[in-house]
Amino acid sequence: MENQNRSQTKKTLFTLFTSMFAIVVTIATNFFLSPYIVANLGEEANGFTQLANNFVNYATLITVALNSMAGRFITMHYHKGDKKESNKFYSSIMLANLAVICFLIVPALILVFNLENVINIENTNVLYVKMLFAFVFCNFFVAQINSVLGITTYVSNKQYIVNSINSIKTILNALCLLLFFTVFAPRIYYVSLVALLLSLITVPVFFIISRKILPDLKINFKQFSIKTIWQMLSAGIWNVVTQCGNLLMTGLDLLLANLLIGPVAMGVLSVSKTMPNCIAQIAGNVTSSFSPNLTITYASGDTKDVIKSLRFAMKCSSILVSIPIMVLCIYGKSFYELWQPTLDAGTLSVLSFWACVQYIPLAGPQVLNNVFTTTNRLKLPSITVLIGGIVNVILVVIFVLFTDLGLFAIAAISAIVSIVRNLIITVPFSAKALGLKWHTFYKDVLISCLCCFVNSIFCIAFQFIIVPSSWMRMVVSVFCACIFSLISLFLMLLSKQEKKQLLNRFRRKKNG
């Protein structure tokens, strides 16, 4: 059992490492691409790209009820030895996704053809914006197939394979975009066109990998079962509610900015969200990296191992999420002066701060969201996310229409509502779901705040020691702050046993 736990931990850490690498590649791509788009196509073009992706998030409300719980049910049955039942779930989820794709094609076409009547496009080429949205929707349909095929990596706790594929895709995406923007006249739809082409290429790749790593998990449409679909829907419906709440909390911000203020304001907000979105990806990938191991451990019925796994995940999350948060918060104005010289760095830095601030008390505890899926107790957190989202939209509309806060109201209100909801609901209820005292995880909230405080000290110190007046000085200053923060947090958070295990692993690799 100990060897099995050690193996699962290694897989989880490798998954975490590859997910971080994939995000680094994504950040690097956005870092170079976003200023180019703003300079050549205007800030509103960058906004339309993100807005198109937000519309896809609206479409996921149809699929999230099915797909969000599929991995959980397939994993639970597979690791309990009931492979017949896991195959039934796997086959059913694929056929259900194909049916949903066919259903969504018509409304997607209607939206694309009437796009200028739905959103404010103004001076941007309407045809190119429509092509952007069309390719984004097509990419979404292909991604649904890839996500089902990728369930095998979740079941086997080998999500590092998906992360590796995504890293390669991101690199190819950057190279292809460079080629398109260099050889052809700049067009807004290149970003979504390249993404679609790469997704199509990866379909056979995911199919081959799924057959290789879990050959006994196969798609057979004869095994389709309405009962299994209903089982996933009844459990996943609360994830739909959660997704609705999340969309109302942050997914409508660009649309509200577009309709209430204008396309240019929407573009400014989208630029300010570029780096915070990358941090959100880091947080999301940390959470998803630990999810398979938590589900497998929970399936074994050992509550102590579940708590141990959860504690380790929160420590890793506190370290990996708190560092980029404070780097962006402290270095924000200097960064934007260098990165987006044509825009107001002060405005961008304040908007980015509000986009990041919700993670300060929740850098580690955000992992607790895994508990609700693992234990299949989603009702209360889902309802409260929806309520929080409704409150957010109402307050944003009121403050934008009746005050001069504008974009700052859109950014700040969602952050405040999110912090309040998570501290009141997520932290105590996740403890109750595991049979623990309601205040068990508030300690981890304090640890998260402490990590951010430690990071901010190093960032402020090195910002004065090495003034980030150029890219070279910015990189050196941030690198030094990150290294000192990383070492300090590892020494502060890891137990003696965890430090010893970590050193032993490095020694074994060294002696190899």
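Residues numbered from 1 in each chain as written. Predicted model: local features only at pLDDT ≥ 70, side-chain atom pairs only at ≥ 80, totals over all residues. Heavy atoms only, no water.

Undergrad: Looking at this model, I keep getting lost on the overall build of the protein. Mind explaining?
TA: Regarding its fold elements, the protein presents 19 helices and 0 strands. Here the protein holds 512 residues, and the buried ones make up 55% of them. Within the protein, residue pairs in contact and separated by at least 24 positions form 83% of the contacts whose partners lie at least 6 positions apart. Accessible surface computed for the protein: about 23000 Å², of which carbon and sulfur atoms make up 68%. (Helix = DSSP H or I, 4+ residues; strand = E, 2+ residues; numbered from the N terminus. Buried < 20%, exposed > 50% of the residue type's maximum accessible area, 1.4 Å probe, protein only. Contact = heavy atoms within 4.5 Å. Areas by Shrake-Rupley, 256 points an atom, 1.4 Å probe, with all protein chains shown as cover.)

Undergrad: Would you explain helix α9 (residues 253–260) in this entry?
TA: Since one α-helical turn is 3.6 residues long, residues separated by three or four positions face the same way. Buried residues dominate α9, accounting for 6 of its 8 residues. Turning to α9, its buried residues number three or more, namely D253, L254, L255, L256, A257 and N258. Immediately beyond the C-terminal end of α9, within one or two residues, lies G262, with a positive phi of roughly 145 degrees.

Undergrad: Please clarify how the packing of aromatic side chains should be interpreted in this entry.
TA: Between two aromatic rings, the relevant description is the distance of the centres plus the angle of the planes. As enumerated under the stated definition, the model contains 16 aromatic pairs in all. A centroid spacing of 5.8 Å and a plane angle of 35 degrees characterise the contact between F458 and F484, whose relative ring orientation is tilted. Of this pair, F458 sits in helix α17 (residues 442–465) while F484 sits in helix α18 (residues 471–493), and the two are 26 residues apart along the sequence. F484 gets classed as partly exposed once you look at its relative accessible area, which sits at 43%. Among the aromatic residues, those joined into a cluster by ring pairs are Y128, F135, F180, F184, Y189 and Y190. (Phe/Tyr/Trp six-rings, centres within 6.5 Å; stacked < 30°, edge-to-face > 60°.)

Undergrad: Explanation requested: the environment of T250 in the structure shown.
TA: Along the polypeptide, T250 turns up in helix α8 (residues 226–251). Judged by its relative accessible area of 33%, T250 is partly exposed. C-alpha of T250 to C-alpha of A355: the two residues are 105 residues apart in sequence and 9.3 Å apart in space. Once you skip the residues sitting within four places of it in the chain, T250 turns out to touch K273 and S414.

Undergrad: So what exactly am I meant to see when it comes to the nonpolar core here?
TA: Among the nonpolar cores identified, the biggest contains 144 residues, and F48, L51, I119, F133 and L310 are the most heavily contacted of them. Here this core gets 17 residues from one element, more than from any other, and that element is helix α12 (residues 303–339). (Core = buried A, V, L, I, M, F, W, Y, C linked by side-chain atoms within 4.5 Å.)

Undergrad: Before we go on, may I ask you to explain the packing of α17 against α18 in this structure?
TA: Two packed helices can be described by the angle between their axes and the distance between those axes. With their axes 9 Å apart at the nearest point, α17 and α18 run at an angle of 150 degrees to one another. The angle between α17 and α18 places the two elements in the roughly antiparallel class. Crossing of α17 against α18: the hand is right-handed. Along the contact surface, α17 presents I447, L450, C451, V454, N455, F458, C459, F462 and Q463, while α18 presents S477, C480, A481, F484, S485, S488, L489, M492 and L493. In terms of residue class, the contact of α17 with α18 is made up of 13 nonpolar, 5 polar and no charged. (Axes fitted to C-alpha atoms, helices over the stretch in contact; angles between N-to-C directions. Parallel < 35°, antiparallel > 145°, perpendicular 65-115°, else oblique. Left-handed = near helix turned anticlockwise from the far one by under 90°. Nonpolar A, V, L, I, M, F, W, Y, C, P; charged D, E, K, R; others polar.)

Undergrad: What is the right way to read the side chain of N97 from this model?
TA: Take N97: it is sitting in helix α3 (residues 83–113). Apart from the residues within four sequence positions on either side, N97 is in contact with N67, Q144 and V148.

Undergrad: Please clarify how the pattern of salt bridges should be interpreted in this entry.
TA: Scanning the entire structure with this criterion turns up 5 salt bridges. Here K130 and E116 are joined by a salt bridge, their closest N and O atoms 3.0 Å apart. Here K130, found in helix α4 (residues 126–149), pairs with E116, found in the loop between α3 and α4; they are 14 residues apart in sequence, far enough to count as distant. A salt bridge links D253 to K273; the shortest N-O distance between them is 2.8 Å. On the criterion of sequence distance, the pair formed by D253 in helix α9 and K273 in the loop between α10 (263–272) and α11 (274–300) is long-range, its members being 20 residues apart. (Salt bridge = Lys/Arg side-chain N within 4 Å of Asp/Glu carboxyl O.)

Undergrad: Explain the confidence of the model for the protein here, please?
TA: Low-confidence regions, as indicated by low pLDDT, have predicted coordinates that should not be scrutinised in detail. Chain-level pLDDT for the protein is 81 on average; 87% of the residues reach the 70-or-more range. Ranking the elements of the protein by mean pLDDT puts helix α19 (residues 496–511) last with 56 and α17 first with 92. Segment residues 508–512 is flagged for pLDDT under 50; beyond a separation of four residues in sequence, or across chains, it makes 0 contacts in the model. (pLDDT = per-residue confidence, 0-100.)

Undergrad: Would you mind going over a nonpolar patch on the surface with me for this structure?
TA: Together, L259, L260, I261, V350, I390, I394, I398, F399, L401, F402, L405 and F408 make up a nonpolar patch on the protein surface, roughly 1100 Å² of accessible area in all. Elements supplying a minimum of two residues to the nonpolar patch: α9 and α15 (379–402). Top contributing element to the nonpolar patch by residue count: α15, with 6 residues. Looking at the element boundaries, F402 is found in helix α15. (Patch = residues over 30% accessible without salt bridge, like charges linked within 9 Å, V, L, I, M, F, W, Y side chains within 5 Å.)

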